[in-house]
Structures are given as structure tokens and as C-alpha cells.
Amino acid sequence: MTPDPATTAVPRVLLAEASLPFRRVIREALTAFRVCEVDDAPSGERAFEMALHREYSLFLFSLPLPDLAGDMLDRLLSKAYPMVHPGVHTAPPVIYLIGPTDVLRFQELQRDVRVRGSMPLPPKLEVLLAVTASLLPERQGQTFPLPLPPHVS
């Protein structure tokens, strides 16, 4: 269901990933299949600055970032975000982008109620759509023909 732009703000996503090609693929897929706007950053420091200046509905953070691990970025934002955005009591939900070596680390992070899932890198469209299905509205008129995996947490 697409929100009415006159009455509802479009959800905004903050994406932090070092790889420009991965950021482009994720941004284009989200804006094509979900009702949202995507801001992206190549580093944790830049993502932190962006999150303090603008409100977001969802964070997508790569666990391996060049300057600050994605989970540390999320921990810092979980403390600072509500302090700089009046009326906001908690930071948005987070989805982690993980490599093969990050699987065990992600399992430990799943205990946090704000963690809504993970997506392996390189990005796969069907996983991205499945993990964001309950967090971002579907763009009307767009369908994805492949069955979505049931195992995405």
C-alpha cells in the first residue's frame, strides 16, 4: 500500500556501505520497489553525521565499514539519535549488510529488538525485498516475479 504523499511523509532510509556499486544497486532497488528515499554514505562517520541532521525510518548498515563498524555506528546512534530529534524516542530499526565472515557476529546482534534482519553481500534483490517488506511500503504497480525466501529474519 502506497502512502498518500499529501498526508504522509515518504520513509527515508540511511544506507552506509563502502562499496559505491553496492550502494547504487541497493538504492536503485529500494526506490524502484519500495516507497522510500535513500541517502547513502561510504563511511560510518558520514552516516553518523547524516543521521544527526535528518530523521530516518530505517538504517541499512554494512558491518564492515572503513572507519567504524556498522554495529558500533548503530550503538552510537541509538544513544545520540533521540537526543537530536525532538519527539523521537528511539533510533530506527536496522538491517545489517554482512559478508561471509560476519555471520557469527550478526547472530550476537540479533538480540537487539531494533535489528530486523540481515542481507548478505553482494546484494541480492529478492533478499533485499524480503527483509524490507514489513518496514517499507511496496511501490504500487511493481511486482517481483521470484518467490521470496522464507528464512530472512
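This is a predicted model, so every value here is computed, not measured.

A. Representation of the pairing of strand β2 (residues 37-41). Alignment of strand β1 (residues 12-16) against β2, held across five bridges, turns out to be parallel. If you follow R12 over to β2, its bridge partner there is E37.

B. Just the nonpolar core, in detail. Core analysis: the biggest nonpolar cluster contains 22 residues, and L14, F59, F61, L73, Y81 and Y96 have the highest contact counts within it. Leaving out residues up to four positions away in the same chain, F59 has contacts with L14, A51, D74, L77, Y81, A91, P92, P93, V94, I95 and R114.

C. Region of the structure containing the packing of aromatic side chains. Tallied over the entire structure, the rule returns four aromatic pairs. Between Y96 and F106, the ring centres sit 6.3 Å apart and the planes meet at 70°, which makes this aromatic pair edge-to-face. Of this pair, Y96 sits in strand β4 (residues 94-98) while F106 is found in helix α4 (residues 103-109), placing the two residues 10 residues apart along the sequence. Each member of the pair, Y96 as well as F106, carries the same accessibility label: buried. Through a chain of ring-to-ring contacts, the aromatic side chains of Y56, F59, F61 and Y81 assemble into a single cluster.

D. Representation of the confidence of the model for the chain in the model. Residues of the chain with pLDDT of at least 70 account for 87%, and the chain-wide mean is 90. Per-residue pLDDT stays below 50 along residues 146-153; that stretch engages in 16 contacts with residues further than four places along the chain or on separate chains.

Reading the values: rules and limits
- Just so you know, the residues in each chain are numbered from 1, in the order the chain's sequence is written.
- With pLDDT at 70 or above as the cut-off, local features in this predicted model cover only qualifying residues; side-chain atom pairs require 80 or more to be listed or tallied, and sums for whole chains, interfaces and linings still use all residues.
- Only hydrogens and water are removed before side-chain values are computed, so all heavy atoms of the structure are retained for them.
- Only when DSSP finds a minimum of two bridges between them are two strands counted as paired.
- The way it works is that DSSP assigns letters per residue, a run of H or I at least four long becomes a helix, a run of E at least two long becomes a strand, and they are numbered from the N terminus.
- Here, nonpolar core refers to any group of buried Ala, Val, Leu, Ile, Met, Phe, Trp, Tyr and Cys residues whose side-chain atoms link them within 4.5 Å.
- Only protein chains enter the area calculation, which uses a 1.4 Å probe; residues under 20% of their type maximum are buried, those over 50% are exposed, and those in between are partly exposed.
- The contact definition used throughout considers only heavy atoms, calling two residues in contact when any of these lie within 4.5 Å.
- To pair, rings of Phe, Tyr and Trp, with the six-membered ring standing in for Trp, must have centres within 6.5 Å; the planes then decide the type, stacked if under 30 degrees apart, edge-to-face if over 60, and tilted in the middle.
- Confidence of the predictor in every single residue is expressed as pLDDT, which spans 0 to 100.

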